[in-house]
Structures are given as C-alpha cells and as structure tokens.
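# Examining the three-dimensional arrangement
So you can see what is in the structure, the chains are spelled out below.
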Amino acid sequence: MAVQRGEETMKKKKRIVTIILWLAALAVLFIWSSPEQKVDRFVAKYAEVLEESLGTDLSGGYPGGLGIQYYNCWGEDSGHPIGEFCFGPSLLHGRQYYGCYYSPDDEPRGFQSVEVTLVPDGENCWTWRAEGDNRGMTKKIQDRWYYFEAWL
C-alpha cells in the first residue's frame, strides 16, 4: 500500500514538472515572438541594407518583402522624414500597430510622423497622446532606428 502511494506521488510530481516545463517553454516562445523582439531582430538583420537602399532623404525606396505589412515614407514636408515599416496590428491587441522607422536625422517621431508632443518615458523612450484615445510610444533601437507602438 505504501509502495502504491509512493508511485502515485511520483507520477503526480512528474506531471507537475511536465506542466511547469511546458509553461516555461510557452513563456519563452511568447517573449521571443513579442512585437518588440520581432522588430529588434528585423532591424539587427536588415538595417544596413535598408539604409543603403533608402538613402539619407528616403528617395531610394524600399526593396520590398522582408515580412512587413507595409512601408511608407512620412513627414517629407516637416523636414523630418521617416521611413516607417509597419508589421501590422498586434494579434493580441487588434488596435495596436507596431513596427520601426528609419529617421535619417535620428529624431524620434510619432506614428506616421504626425506632429505630437513626445514625452520622455525612461531612457531613449517617449510616449504621446493625440485626439480621442489615440496614443503611442517610440523607443530608440540604435542610431537612426526606432521601435513604435500606436493604439488607434
């Protein structure tokens, strides 16, 4: 009888350990696939090629592909153009757009280079608010490259 209880206890412990390992693996997968991590990997892999292609005035154009939803140049009239790479709405939060942008003059900007007041929020990070519940943040990844999130 004691041997049987010991076996049951061992089976329960093995199940608990298995569940914990699965949860840990899911957590790692979630972190690895977070929007910010995805964008960081994109910039690390393609920044040099994209900077060459776009040029300092963004007139060179985007070579296409690379797994992004769209690319657009914004803010040419403001004197601070950016080349924005949008990966699309977040799967977890449908109204949250995220991606990165190339800023030739290394100035942080709002989503689509809209004129907003950027409020410092930690080191190399800024938040902004606009009409209604529109808001966002931008964070410096490396020289001339910024991560963004926008909730519209």
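The structure contained in this document is the topic of the report that follows.

Rules behind the numbers
Residues numbered from 1 in each chain as written. Predicted model: local features only at pLDDT ≥ 70, side-chain atom pairs only at ≥ 80, totals over all residues. Heavy atoms only, no water. Core = buried A, V, L, I, M, F, W, Y, C linked by side-chain atoms within 4.5 Å. Buried < 20%, exposed > 50% of the residue type's maximum accessible area, 1.4 Å probe, protein only. Helix = DSSP H or I, 4+ residues; strand = E, 2+ residues; numbered from the N terminus. Contact = heavy atoms within 4.5 Å. Disulfide = S-S within 2.5 Å. Pairing = 2+ DSSP bridges. Axes fitted to C-alpha atoms, helices over the stretch in contact; angles between N-to-C directions. Salt bridge = Lys/Arg side-chain N within 4 Å of Asp/Glu carboxyl O.

For the rest of this paragraph, the subject is the nonpolar core. Counting residues in hydrophobic clusters, the biggest one holds 19 residues, and the most contacted among them are Val39, Phe42, Val43, Phe85, Phe87, Cys100 and Trp145. Breaking this core down by element, the ones donating at least two residues are helix 2 (35-54), strand 2 (82-89), strand 3 (96-102) and strand 7 (145-151). When residues in this core are grouped by element, the largest group, six residues, is from helix 2. Setting aside its immediate chain neighbours within four residues, Val43 contacts Cys100, Ile141, Gln142 and Trp145. Judged by nonpolar contacts, the second largest core, of nine residues, contains Ile82, Cys86, Tyr101 and Phe148.

The next thing to look at is the side chain of Ser103. Turning to its location among the elements, Ser103 is positioned in the loop between strand 3 and strand 4 (119-120). By relative accessible area, Ser103 is classed as buried at 1%. Those residues in contact with Ser103 that sit more than four places away from it in its chain are Pro81, Ile82, Arg144 and Tyr146.

Next up on the list: the state of the cysteines. Per the counting criterion, the structure on display carries zero disulfides. Here Cys86 stays unpaired: no disulfide links it, and the sulfur of Cys100, its closest cysteine neighbor, is 9.5 Å away. A relative accessible area of 0% means that Cys86 is categorised as buried.

Right, let's talk about the sheet that holds strand 3 for a bit. Within the open sheet, the seven strands sit side by side as 1-2-3-7-6-5-4. Their pairing is antiparallel. Edge positions in the open sheet fall to strand 1 (70-74) and strand 4, since each of these has one partner strand only. Two strands pair when backbone bridges link them, and strand 6 (residues 135-142) and strand 7 are joined in this way by seven bridges, in the antiparallel orientation. Paired with Lys139 across the bridge in strand 7 is Tyr147. Sheet contacts for helix 2: strand 1, strand 2, strand 3, strand 6 and strand 7; angle to strand 3, the most-contacted strand, approximately 35°.

Glancing now at the pattern of salt bridges. On inspection of all chains with the given rule, the structure shows five salt bridges. Measuring nitrogen to oxygen at the nearest pair gives 3.8 Å for the salt bridge that ties Asp143 to Lys140. Since its relative accessible area comes to 48%, Asp143 is described here as partly exposed. Overall, the relative accessible area of 24% leaves Lys140 in the partly exposed class.

In this structure, strand 4 lies alongside strand 5 (residues 125-129), joined through two bridges in antiparallel fashion. When the bridges of strand 5 are listed, Val119 appears paired with Thr127. Between the end of strand 4 and the start of strand 5, which pair antiparallel, lie four residues, with Gly122 showing a positive phi angle near 95°. In terms of strand pairing, strand 5 meets strand 6 through five bridges, oriented antiparallel. Residue Trp126 lies in a different strand from strand 6, and its bridge partner there is Thr138. Hairpin connection, strand 5 to strand 6: the antiparallel pair is bridged by five residues, and Gly132 has positive phi, about 60°.

That's the geometry; what it means functionally is another story.
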